[in-house]
Amino acid sequence: MKRQLFATAVLALAFVGGGPAPAAAQASTALTGRVSSAEEGAMEGVVVRAKKAGSTVTVSVVSDDRGRFAFPSSKLGSGSYSLKIRATGYELDGPGSVEITLALPVAVDLKLRKVRDITPQMTNAEWIASFPGTPEQKKFLYGCVG
């Protein structure tokens, strides 16, 4: 009896809202895309940043396990945006900008290339982790960086 009730509830959810997303939900995305490199293919965990021309606000999202990312239309308005990434050891190979019109979701594939020197990209924590010594020996240094 409990299994039948559970199966009925699952079927009801599929018809009410558990199925594919409606067109309105799909249209709520302003910018989508995929991050990849020649060496890695699809890249997970890449921070993709979009900044509207003339604005001080930057909106960031992270790529998933298939390299896909999506910016909701509630966070990006129509206009010109510069695109940047954060992936230690890589830099954006193109494109670096996109024009968004909210009525038309935009898709862009971001290609990354390996950098020759990663030191300009390293955070303070990454520098400290690269120092010789044990974690106990470096522990006091973490209090020195912010």
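Just above, that's the structure.
Here goes a summary of the coordinates provided. (Residues numbered from 1 in each chain as written. Predicted model: local features only at pLDDT ≥ 70, side-chain atom pairs only at ≥ 80, totals over all residues. Heavy atoms only, no water.)

Counting 23 residues, the largest nonpolar core has Leu31, Phe69, Phe71 and Leu76 as its most contacted members. Counting residues per element, this core draws most heavily on strand S9 (residues 106–114), at four residues. (Core = buried A, V, L, I, M, F, W, Y, C linked by side-chain atoms within 4.5 Å. Buried < 20%, exposed > 50% of the residue type's maximum accessible area, 1.4 Å probe, protein only. Helix = DSSP H or I, 4+ residues; strand = E, 2+ residues; numbered from the N terminus.)

Turning our attention to the pattern of salt bridges. The final tally for this structure, using the stated rule, is four salt bridges. Measuring nitrogen to oxygen at the nearest pair gives 2.9 Å for the salt bridge that ties Asp64 to Arg68. Overall, Asp64 belongs to the partly exposed group, its relative accessible area being 23%. Among the residues examined, Arg68 registers a relative accessible area of 37% and is labelled partly exposed. The shortest N-O distance in the salt bridge between Glu126 and Arg86 comes to 3.7 Å. Here Glu126 is found in helix H3 (residues 124–130), whereas its partner Arg86 is found in strand S6 (residues 79–86), with 40 residues between them in sequence. For Glu126, a relative accessible area of 29% puts it in the partly exposed group. Put simply, Glu91, Asp93 and Arg113 are held in one network by salt bridges that share partners. (Salt bridge = Lys/Arg side-chain N within 4 Å of Asp/Glu carboxyl O.)

With that settled, the discussion passes to the pairing of strand S1 (residues 29–37). On a regular strand, each side chain points to the face opposite its neighbour's, so the side chains alternate between the two faces of the sheet. Most of S1 sits out of view: seven of its nine residues are buried. Pairing analysis gives five bridges linking S1 to strand S5 (residues 68–72), with the strands arranged antiparallel. Residue pairing for S5: Arg34 is matched across the bridge by Arg68. Pairing between S1 and S9: seven bridges, direction parallel. The partner of Val35 across the bridge, within S9, is Leu110. With two bridges joining them, S1 and strand S2 (residues 41–42) adopt antiparallel strand pairing. (Pairing = 2+ DSSP bridges.)

The values are spatial; any link to function lies outside them.
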